[in-house]
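Architecture and fold: a report
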Amino acid sequence: MPLTSPADVPCKVERSPIHGNGVFATRAIEAGERIIEYTGKRIDWPEALRRTAAANGPVNHTFYFSLADGQVIDGGDEGNDARWINHACGPNCEAYEDEGRVFIHALHQIEAGEELNYNYALVYDERHTKAVKKSFACLCGTPECQGTMLAPKKRKSRAAG
């Protein structure tokens, strides 16, 4: 069931102790509950890269959310409060794509006032050097913290031979 108005959304944006703005529960949220849809203008990756270059900013400081069909939601263009949800290595939420729409769901019970977060698991195809890891540094502070918002590189399998 889609969320129909801001009044239906059980969260609000406030300053975050993790990074910049964050999104916080305004009431208790049940495990599995759909919290908010991630909205914004749909663009393709060439347009996302063009926008990033035009803004003189690195692609890791955007509100882009990749979709299964190769499109991107630009939460910074016609987006909503979901764009302010911060990353955490030990998250309390998860993003699900459903028919081209992205919804944030609670992984477990979330108390009023608790900051919402999900694991960005950013895919970066180039080598994960120290400089790259630093530019994608994680500040979540959870016991599970990996120090980076990047998804682990997939290891190439060696052919049996």
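Scoring rules and cut-offs
Residues numbered from 1 in each chain as written. Predicted model: local features only at pLDDT ≥ 70, side-chain atom pairs only at ≥ 80, totals over all residues. Heavy atoms only, no water. pLDDT = per-residue confidence, 0-100. Helix = DSSP H or I, 4+ residues; strand = E, 2+ residues; numbered from the N terminus. Phe/Tyr/Trp six-rings, centres within 6.5 Å; stacked < 30°, edge-to-face > 60°. Buried < 20%, exposed > 50% of the residue type's maximum accessible area, 1.4 Å probe, protein only. Pairing = 2+ DSSP bridges. Axes fitted to C-alpha atoms, helices over the stretch in contact; angles between N-to-C directions. Arc of directions from axis to C-beta. Contact = heavy atoms within 4.5 Å.

Structural notes on the confidence of the model for the protein
For the protein, per-residue confidence averages 88 on the pLDDT scale, and residues scoring 70 or more make up 88% of the total. Element-level pLDDT for the protein is lowest in helix 2 (residues 130-135), with a mean of 82, against a maximum mean of 98 in strand 9 (residues 101-106).

Remarks on the packing of aromatic side chains
Taken as a whole and assessed by the stated rule, the structure comprises five aromatic pairs. Seen in terms of ring centroids, tyrosine 38 and phenylalanine 65 are 5.1 Å apart; in terms of plane orientation they differ by 45°. Their pairing is tilted. With tyrosine 38 in strand 3 (residues 34-38) and phenylalanine 65 in strand 5 (residues 64-66), this pair connects stretches of sequence that are 27 residues apart. Like tyrosine 38, the residue phenylalanine 65 is buried in the burial classification. Judged by centre distance (5.3 Å) and plane angle (50°), the ring pair of tyrosine 118 and tyrosine 120 falls under tilted.

A look at the sheet that holds strand 8 (residues 93-98)
One open sheet holds the three strands; their spatial order is 3-9-8, and the pairing between them is antiparallel. A single partner strand is all that each edge strand has here, and the edge strands are strand 3 and strand 8. On average, each strand axis in the sheet is tilted by 30° relative to the strand beside it, whichever way the strands run. Bridging between strand 8 and strand 9 involves six bridges; their strand directions are antiparallel. Bridge pairing in strand 9 links glutamate 94 to histidine 105.

Remarks on helix 1 (residues 45-54)
Three or more residues of helix 1 are buried, namely Ala48, Arg51 and Thr52. The arc enclosing the buried residues of helix 1, seen along the axis, measures out at 100°, which places them on a common side. Exposed side chains of helix 1 directed beyond 90 degrees from the buried face belong to Pro46, Ala53 and Ala54. Those residues of helix 1 that are buried lie in contact with strand 4 (41-44), strand 5 and strand 6 (71-74).

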